[in-house]
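For reference, the chains in residue letters:
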Amino acid sequence: MTDSKNPFEAIMAQAQEMAKAMNPALESFSPKGMEKLWPTMPKELMEMTFGKGVSSKGLDAKTRLLLTLAGLTMLGAQNDTQIRMTVRHALEAGATKDEIAETIAQMAVFAGIPSMNRAMDFAREVLDESEEKDTDS
């Protein structure tokens, strides 16, 4: 950790050190780099980390990821990497394409149609990748 008085700089420096430890080739942390390094995690790990591990009677990983996708859509177009990663994780957790599309579409009311369209474009990129992998298998 650095001696910086700015906590955000200290947190970013720590994240960069963690990224370098995971992959020494990373000179600095970037969301796109993380997306390539770890595009998705297994459903069981998501459940343990984000789902039933928090509360056995709480939301499952799929529901948490759909809520995350809704929030990212609300934040707008600057979240391209996060939206793509969340769509991949939601698929891995059992979400259907229709559930993903409906989650994003519903945000048009709250975030506006441009944010919804942009999030839909990011989601389509992942869904297209997913279809290509399915046809290659």
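Preceding block: the structure.
Rules used throughout
- Within each chain, residues carry numbers counting from 1 in the order of the written sequence.
- Local features in this predicted model are restricted to residues of pLDDT 70 or higher, and side-chain atom pairs are both shown and tallied only at a pLDDT of 80 or more, whereas totals for entire chains, interfaces and linings draw on every residue.
- The side-chain figures draw on all heavy atoms in the structure; neither hydrogens nor water molecules are used.
- Angular values range over 0 to 180 degrees, each being the angle between N-to-C directions of two axes fitted as lines to C-alpha atoms, with helices fitted over their stretch in contact.
- By the criteria applied, helices consist of DSSP H or I runs no shorter than four residues and strands consist of E runs no shorter than two, each listed in order from the N terminus.
- Should an angle lie under 35 degrees it is considered roughly parallel, over 145 roughly antiparallel, and from 65 to 115 roughly perpendicular; all remaining angles are considered oblique.
- By the definition used in this description, the sense in which the near helix is turned from the far one sets the handedness, with an anticlockwise turn below a right angle giving left-handed and a clockwise turn giving right-handed.
- Contacts: residue pairs with any heavy atoms within 4.5 Å of one another.

Asker: Before we move on, can you summarise the packing of helix H5 (residues 80-92) against helix H8 (residues 113-136) with the specific residues and values?
Answerer: Interaxial distance between H5 and H8 falls to 9 Å at its minimum, and their mutual angle equals 45 degrees. In terms of their interaxial angle, H5 and H8 are classed as oblique. The two elements H5 and H8 cross, and the hand of that crossing is right-handed. On H8, the residues that touch Asp80, Ile83, Arg84, Val87, Arg88 and Leu91 of H5 are Ala119, Phe122, Ala123, Glu125, Val126, Leu127, Glu129 and Ser130.

Asker: An account of the packing of helix H6 (residues 97-106) against H8 is requested, with residue identities and associated values reported.
Answerer: Viewed as axis vectors pointing N to C, H6 and H8 meet at an angle of 165 degrees, and their least axial separation amounts to 9 Å. The orientation of H6 relative to H8 falls into the category roughly antiparallel. Pair H6 / H8 crosses with right-handed handedness. Taken together, the residues of H8 that come into contact with H6 (itself represented by Lys97, Ile100, Ala101, Ile104 and Ala105) are Met116, Ala119, Met120, Ala123, Leu127 and Glu131.

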